[in-house]
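Architecture and fold: a report
Listed below, chain by chain, are the residues.
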Amino acid sequence: MGSAKKRDSVARKARIEEMRAAERSRERRNRILTVTASVVVVAALVVGGVVLVRSQSDGSDTASDGKGGGTFTTGADGVGKWEGELGRNHVNGDVDYPMTPPVGGDHNQAWMNCNGDVYEKEIPAVNAVHSLEHGAVWVTYTSKAAKDDVAALAAKVKATPYTLMSPVEDQASPVMLSAWGHQRTVTGADDPKLGAFLEKFVQGEQTPEPGAACTNGLAQ
């Protein structure tokens, strides 16, 4: 049993490293394409060409009501699961989520960087939810969390791909963990349930878009 869990853990870590390598490759390719495109545009302007750039958003201009039918049910492991529909539309306005922090629903088309990113100030929920859609775990805390715990949590997040961390002052408990459709509280950085949650939900089975990027998004 123990060796099987060890093999699963090694396989998951290897898969995450493969995805990180793929992201780095995409970033290099995107930089090359950007430079090439810039040269083409400048050359066209020099010879009198006209370059038209049209920007089109795939999001709605209106705010969204995220309070669809559903409720949290808590399992024997203490993890709450959202039983109900979680929208995945891109919107440009705010979303009225039924829980804090949100565990899914309509969101902004830009995600927060979640490659072990630690934010010292609150971040927009509509962008963090997009990170959850990509398979990230969002670690949040209030001013009631001990400073030593916050520092230890930050170190854990920085060492874990597909995670992000930020304060959320109006959440129910000092430290909470959120993944797409799932959430739990932990007592602090030394709570073994923290590692178990990360192990299960970082790029876990609940991920709507497995392998999607956690870089090239928004940063504070």
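Residues numbered from 1 in each chain as written. Predicted model: local features only at pLDDT ≥ 70, side-chain atom pairs only at ≥ 80, totals over all residues. Heavy atoms only, no water.

**Looking at the overall build of the protein chain**
- A tally of regular secondary structure across the protein chain gives four helices and nine strands.
- Going from N to C terminus, the protein chain has its helices and strands arranged as α-β-β-β-β-β-α-β-α-β-β-β-α.
- Per-residue burial for the protein chain yields a buried fraction of 40% across its 220 residues.
- Within the protein chain, contacts between residues separated by at least 24 positions form 71% of all contacts whose residues are at least 6 apart in sequence.
- When the accessible surface of the protein chain is totalled, it reaches about 12,300 Å², and 53% of it is carbon and sulfur. (Helix = DSSP H or I, 4+ residues; strand = E, 2+ residues; numbered from the N terminus. Buried < 20%, exposed > 50% of the residue type's maximum accessible area, 1.4 Å probe, protein only. Contact = heavy atoms within 4.5 Å. Areas by Shrake-Rupley, 256 points an atom, 1.4 Å probe, with all protein chains shown as cover.)

**Things to note about the state of the cysteines**
- Taken as a whole, this structure holds one disulfide when the rule is applied.
- One disulfide in the model links Cys 114 with Cys 214; its S-S distance is 1.7 Å. Measuring the twist about the S-S bond at about -90 degrees, one finds the Cys 114-Cys 214 disulfide to be left-handed. With Cys 114 in the loop between strand E4 (95–96) and strand E5 (115–118) and Cys 214 in the segment after helix H4 (192–201), this pair connects stretches of sequence that are 100 residues apart. (Disulfide = S-S within 2.5 Å.)

**Description of the confidence of the model for the protein chain**
- Averaged over all residues, the pLDDT of the protein chain is 83; the fraction at 70 or higher stands at 72%.
- Overall, residues 39–62 carries pLDDT values under 50, and its contacts beyond four positions in sequence, including any with other chains, amount to 17 contacts. (pLDDT = per-residue confidence, 0-100.)

**Focus on unusual backbone geometry**
- For the bond running from Thr 100 to Pro 101, omega is -10 degrees, close enough to zero to count as cis.
- With a phi close to 60 degrees, Tyr 162 is a non-glycine residue in the positive phi region.
- As for its placement among the helices and strands, Tyr 162 is situated in the loop between helix H3 (147–158) and strand E7 (163–167).
- The exposure class of Tyr 162 is buried, given its relative accessible area of 1%.
- Although it is not a glycine, Asn 216 adopts a positive phi angle of roughly 60 degrees.
- Within the fold, Asn 216 resides in the segment after H4.

**Let's talk about the environment of Arg 88**
- For Arg 88, the position within the fold is in the loop between strand E3 (80–84) and E4.
- Considering only alpha carbons, one finds Arg 88 and His 107, 19 residues apart in sequence, at a separation of 6.8 Å.
- Discounting chain neighbours no more than four positions away, the residues touching Arg 88 are Gly 105, Asp 106, His 107, Glu 133, Trp 180, Pro 208 and Glu 209.
- At a separation of 2.7 Å, a polar atom in the side chain of Arg 88 contacts the side chain of Glu 133. (Polar contact = N/O pair within 3.5 Å; in protein donor to acceptor, adjacent residues only side chain to side chain.)

**Let's talk about helix H2 (residues 125–133)**
- Of all nine residues making up H2, eight are buried, and the element is well covered by its neighbours.
- Taken together, the buried positions of H2 are occupied by Val 126, Asn 127, Ala 128, Val 129, His 130, Ser 131, Leu 132 and Glu 133.
- Where the residues of H2 are buried, they touch E4, strand E6 (137–141), E7 and strand E8 (175–179).
- Looking one or two places after H2, you find Gly 135, whose phi comes out positive at around 95 degrees.

**Digging into the sheet that holds E5**
- Pairing within the open sheet is mixed, and its seven strands lie in the order E2-E3-E9-E8-E6-E7-E5. Of all strands in the sheet, those bounded by a partner on one side alone are strand E2 (70–74) and E5. The mean angle between the axes of side-by-side strands here comes to 20 degrees, regardless of whether they run parallel or antiparallel.
- Two strands pair when backbone bridges link them, and E3 and strand E9 (residues 182–185) are joined in this way by two bridges, in the antiparallel orientation. Looking across to E9, one finds that Gly 80 is bridged to Gln 183. (Pairing = 2+ DSSP bridges. Axes fitted to C-alpha atoms, helices over the stretch in contact; angles between N-to-C directions.)

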